[in-house]
Amino acid sequence: MGKILLVEDNSMNRELVKDILETFNCVVTGVEDAFAALELLEKNAYDLVLIDINLPKMNGVELAQRILDSDFKYGKMVALTANECTPDGRQFQDAGFDDFIQKPFQINDFRKKIEDNIPEHCAGH
């Protein structure tokens, strides 16, 4: 379905989300922190960057700002959060994210969000 960069510091959550995304035929690169994500974004293009908000050292919002201020090649940027948020996710839009996914999530809802945020040319099923 697309090439995804997953930024999630919890290794168990990262592997679980990566496994789910791979069942959607996505090619997933998972990293544990913002600095590793920035290194990969310097060298690679991604259809979607999926960022956990609660990262150590540099949180997801700070990472989003770095990405927005760069010339990295990526399709969309989606926040992954376990935090309470407004129903419309306004705080994530204001931070520069294209969308957000609230944890815990239902697999079908998660798949729809991913499909909605993968550029059309990548969304072949």
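**Student:** What is the right way to look at the overall build of the protein in this model?
**Tutor:** Check the secondary structure of the protein and you find 5 helices and 5 strands. N-terminal to C-terminal, the α/β element order of the protein is β-α-β-α-β-α-β-α-β-α. A globule of 125 residues ought to have a C-alpha radius of gyration of about 14 Å, and the protein, at 13 Å, matches this closely. Counting the 125 residues in the protein, one finds 44% classified as buried. Of the roughly 6700 Å² that the protein leaves accessible, carbon and sulfur atoms contribute 47%. Side chains of the protein give 13 positive and 23 negative charges; the mean places of these two sets differ by 3 Å.

**Student:** Sorry, what's going on with the side chain of D33 here?
**Tutor:** Relative to the helices and strands, D33 resides in the loop between β2 (27-31) and α2 (34-43). Look at D33: it is buried, it has no salt bridge, and the nearest opposite charge is K57 at 4.9 Å.

**Student:** Sorry, what's going on with the pairing of β2 here?
**Tutor:** Regular strands place their side chains on alternate faces of the sheet. The sheet contact formed by strand β1 (residues 3-7) and β2 spans 5 bridges and is parallel. Within the sheet, the bridge partner assigned to I4 lies in β2 and is V28. Viewed along the sheet, the connection from β1 through helix α1 (residues 11-23) into β2 turns out right-handed.

**Student:** I tried to follow the nonpolar core on my own but got confused; where do I start?
**Tutor:** As a rule of thumb, nonpolar side chains are buried together in soluble globular proteins. If you look at the biggest cluster of nonpolar residues, it comprises 23 residues, and the most contacted ones within it are L5, V7, V49, I51, L63, I67 and F97. At the level of secondary structure, the elements contributing two or more residues to this core comprise β1, α2, β3 (46-52), α3 (60-68) and β4 (74-81). The leading source of residues in this core is α2, at 4 residues. For F97, the residues in contact, after removing those within four places along its chain, are I51, I53, G60, V61, A64, M77, V78, A79 and F92. By size, the runner-up hydrophobic cluster in this structure holds 17 residues, among which are I4, L6, V17 and F24.

**Student:** Sorry, what's going on with unusual backbone geometry here?
**Tutor:** Glycine aside, the phi torsion of most residues is negative, and most peptide linkages are trans. Cis geometry marks the peptide bond from K103 to P104, where omega comes out at -5°. Looking at the secondary structure, you find P104 in the loop between β5 (99-102) and α5 (107-117). At K57, a position not held by glycine, the phi torsion is positive, near 70°. Relative to the helices and strands, K57 is located in the loop between β3 and α3.

Calculation notes
Residues numbered from 1 in each chain as written. Predicted model: local features only at pLDDT ≥ 70, side-chain atom pairs only at ≥ 80, totals over all residues. Heavy atoms only, no water. Helix = DSSP H or I, 4+ residues; strand = E, 2+ residues; numbered from the N terminus. Rg over C-alpha atoms; globule rule 2.2 N^0.38 Å. Buried < 20%, exposed > 50% of the residue type's maximum accessible area, 1.4 Å probe, protein only. Areas by Shrake-Rupley, 256 points an atom, 1.4 Å probe, with all protein chains shown as cover. Lys, Arg positive; Asp, Glu negative; His and termini not counted. Charge placed at Lys NZ, Arg CZ, Asp CG, Glu CD. Salt bridge = Lys/Arg side-chain N within 4 Å of Asp/Glu carboxyl O. Pairing = 2+ DSSP bridges. Right-handed = clockwise from strand over helix to strand, strands pointing away. Core = buried A, V, L, I, M, F, W, Y, C linked by side-chain atoms within 4.5 Å. Contact = heavy atoms within 4.5 Å.

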